[in-house]
Amino acid sequence: MDLPSVFIAMGPIAIPLLVGAATAFGLSVLLVLSTRWHGFLSLDESDGIQKAHAHPTPRVGGLPMVIGLVAAILVAPADLSQKLWPWIIAGSPAFLFGLAEDLTKRVGVLARLLATMASGVLAWFITGYALTNVDVWGLDWLLQFTAVAVVFTAFAVGGVANAINIIDGLNGLASSMVSWALLGVSALALTLGDTVLASACLLLMACVLGFFLVNWPFGKLFLGDGGAYFLGFALAWACVLLAERHEQVSAFAALLLCTHPIIEVLYSVFRRKVRAQHPGHPDRLHFHSLVKRRLMPRLLPSASNTMR
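Residues numbered from 1 in each chain as written. Predicted model: local features only at pLDDT ≥ 70, side-chain atom pairs only at ≥ 80, totals over all residues. Heavy atoms only, no water.

## Focus: the overall build of the chain
Looking only at helices and strands, the chain features 14 helices and two strands. A principal-axis box enclosing the C-alpha atoms of the chain has dimensions of 50 × 45 × 35 Å. The burial tally for the chain puts 46% of its 308 residues in the buried class. Sequence-distant contacts in the chain: of pairs separated by 6 or more residues, those separated by 24 or more amount to 70%. Taken as a whole, the chain presents about 15000 Å² of accessible surface, with 70% of it coming from carbon and sulfur. (Helix = DSSP H or I, 4+ residues; strand = E, 2+ residues; numbered from the N terminus. Buried < 20%, exposed > 50% of the residue type's maximum accessible area, 1.4 Å probe, protein only. Contact = heavy atoms within 4.5 Å. Areas by Shrake-Rupley, 256 points an atom, 1.4 Å probe, with all protein chains shown as cover.)

Laid out in structure tokens, this is it:
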């Protein structure tokens, strides 16, 4: 599509974009200002092996993003809203189990992993889409069997969702990475004339931006497990739709958009296996943790924790 055509195609979602971003931003600010009333449930304490913040901070940033997306859907064109409601419904298990962990700190890793995979299965059940071609000899034949395709899709969706949660360790890191990846999916979709998928990605990106403005740089509100899992599911599902709706797009193109979190989770599992630790064992050896602890003190030796 040429540039004028892109602007014409995107015109109908201008108001939903503003509504989604404004709603997410406004609710994020409200959560920060009302911390004294909900902090006993929502605060993330500053002590812990993976903690990088200096003061207890609310970790329910996923809530304003999801509500912002719902608000955007309500004012979006009918064809777009019909395509986006399944994202909200299917993403609910991942979001709710993550939010429960944010509020109670008692939901196990396995339960949350299964919830993200359940979101993948639910998305297939609602839309009928599952990965059937990943350009790998032998695996593509197996994926022609519906049960195998659904299980593989659920595993892929759950993997990306948990990968996003793993890189959620510094202000703005996970949300900005997801934003760039969604922008990539949107750009690919636009070149193929799929304005619905492109618009869906941009609407989600607008809601992420509303949260991002409160999260970065001062870290007044954290994404939390609920937000990370929902964003991870949404990004993974956008990649599934891109690959399945357009056979000329290689599944590896979608995979490349998620390179950072996927490499992080694979290397983390390998690293912990070598150290004879549980794959879910928390540590401070993620790439962003190492940059924060080893590189930034050298570059900014006198700066505050927030500035670093």
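## With respect to the packing of aromatic side chains
Each pair of aromatic rings is reported with the distance of its centres and the angle of its planes. For the structure on display, the rule yields six aromatic pairs. Between Phe-212 and Trp-216, the aromatic rings sit 5.8 Å apart at their centres with planes inclined by 10 degrees, giving stacked as the arrangement. With relative accessibility at 21%, the residue Phe-212 sits in the partly exposed group. Trp-216 sits in the partly exposed class, given a relative accessible area of 46%. An aromatic cluster is built from Phe-95, Phe-230 and Phe-233, whose rings are joined through pairwise contacts. (Phe/Tyr/Trp six-rings, centres within 6.5 Å; stacked < 30°, edge-to-face > 60°.)

## As for a nonpolar patch on the surface
The grouping of Ile-15, Leu-74, Val-75, Trp-85, Ile-89, Phe-125 and Ile-126 at the surface amounts to a nonpolar patch, some 720 Å² of accessible area in total. Secondary structure elements with two or more residues in the nonpolar patch: α5 (78-104) and α6 (109-127). Positionally, Ile-15 belongs in helix α2 (residues 14-33). Note on Ile-15: relative accessible area 59%, which makes it exposed. (Patch = residues over 30% accessible without salt bridge, like charges linked within 9 Å, V, L, I, M, F, W, Y side chains within 5 Å. Salt bridge = Lys/Arg side-chain N within 4 Å of Asp/Glu carboxyl O.)

## Concerning the environment of Ala-200
With respect to the helices and strands, the residue Ala-200 is situated in helix α10 (residues 195-215). For Ala-200, a relative accessible area of 4% translates into the label buried. With 51 residues separating them along the chain, Ala-200 and Ala-149 place their C-alpha atoms 24 Å apart. Once residues within four sequence positions are removed from consideration, Ala-200 is found in contact with Leu-80, Leu-84 and Trp-87.

## Notes on helix α13 (residues 259-274)
The first and last C-alpha atoms of α13 sit 22 Å apart over 16 residues, in line with the 22 Å expected at 1.5 Å per residue. Among all positions of α13, only Pro-261, Glu-264, Val-265, Ser-268, Arg-271 and Arg-272 are buried. Take α13 and look down its axis: the buried residues cluster within an arc of 130 degrees, on one side only. Facing away from the buried side of α13 by more than 90 degrees, the exposed set consists of Ile-263, Leu-266, Phe-270, Lys-273 and Val-274. Buried residues belonging to α13 abut α8 (146-166), α9 (173-191) and α14 (287-299). After α13 finishes, the residue Ala-276 shows a positive phi value of roughly 60 degrees. (Expected span 1.5 Å × (residues − 1). Arc of directions from axis to C-beta.)

## Quick notes on the pattern of salt bridges
Applying the stated criterion to the full structure yields four salt bridges. Across the pair Asp-225 and Arg-59 runs a salt bridge, and its minimum N-O distance is 3.5 Å. Here the residue Asp-225 occupies a position in helix α11 (residues 224-245), and Arg-59 occupies one in the loop between β2 (57-58) and α4 (62-74), the gap between them amounting to 166 residues. Assigned by exposure class, Asp-225 and Arg-59 land together as buried. Close ionic contact of Arg-245 with Asp-194 constitutes a salt bridge, the shortest N to O distance being 2.8 Å. Of this pair, Arg-245 sits in helix α11 while Asp-194 sits in the loop between α9 and α10, and the two are 51 residues apart along the sequence.

## With respect to the packing of α2 against α10
Two quantities define a packed helix pair, namely the angle between the helix axes and the distance between the axes. Close contact between α2 and α10 brings their axes to 7 Å; oriented N to C, the two are set at 30 degrees. In terms of orientation, α2 and α10 fall into the roughly parallel class. Viewed along their axes, α2 and α10 form a crossing whose handedness is right-handed. Across the interface between the two elements, Pro-16, Leu-17, Gly-20, Ala-21, Ala-24, Phe-25, Ser-28, Val-29 and Val-32 from α2 touch Leu-202, Leu-203, Ala-206, Cys-207, Gly-210, Phe-211, Leu-213 and Val-214 from α10. Taken together, the residues of the contact of α2 with α10 break down into 14 nonpolar, three polar and no charged. (Axes fitted to C-alpha atoms, helices over the stretch in contact; angles between N-to-C directions. Parallel < 35°, antiparallel > 145°, perpendicular 65-115°, else oblique. Left-handed = near helix turned anticlockwise from the far one by under 90°. Nonpolar A, V, L, I, M, F, W, Y, C, P; charged D, E, K, R; others polar.)

## A few points about a positive patch on the surface
Residues Arg-284, Arg-293, Arg-294 and Arg-298 make up a contiguous surface patch of positive charge. Along the polypeptide, Arg-294 turns up in helix α14. (Lys, Arg positive; Asp, Glu negative; His and termini not counted. Charge placed at Lys NZ, Arg CZ, Asp CG, Glu CD.)

## Regarding α14
Count 3.6 residues to each turn of an α-helix, and residues three or four apart come out pointing the same way. Over its 13 residues, α14 extends 17 Å from the first C-alpha to the last, a length consistent with the 18 Å expected when each residue adds 1.5 Å. The largest bend in α14 is about 30 degrees, located at Arg-293, with the proline Pro-297 one to four residues further on. Looking at α14, one finds that the buried residues are His-288, Ser-289, Lys-292 and Met-296. (Bend = angle between axes of the 7 residues up to and from the residue.)

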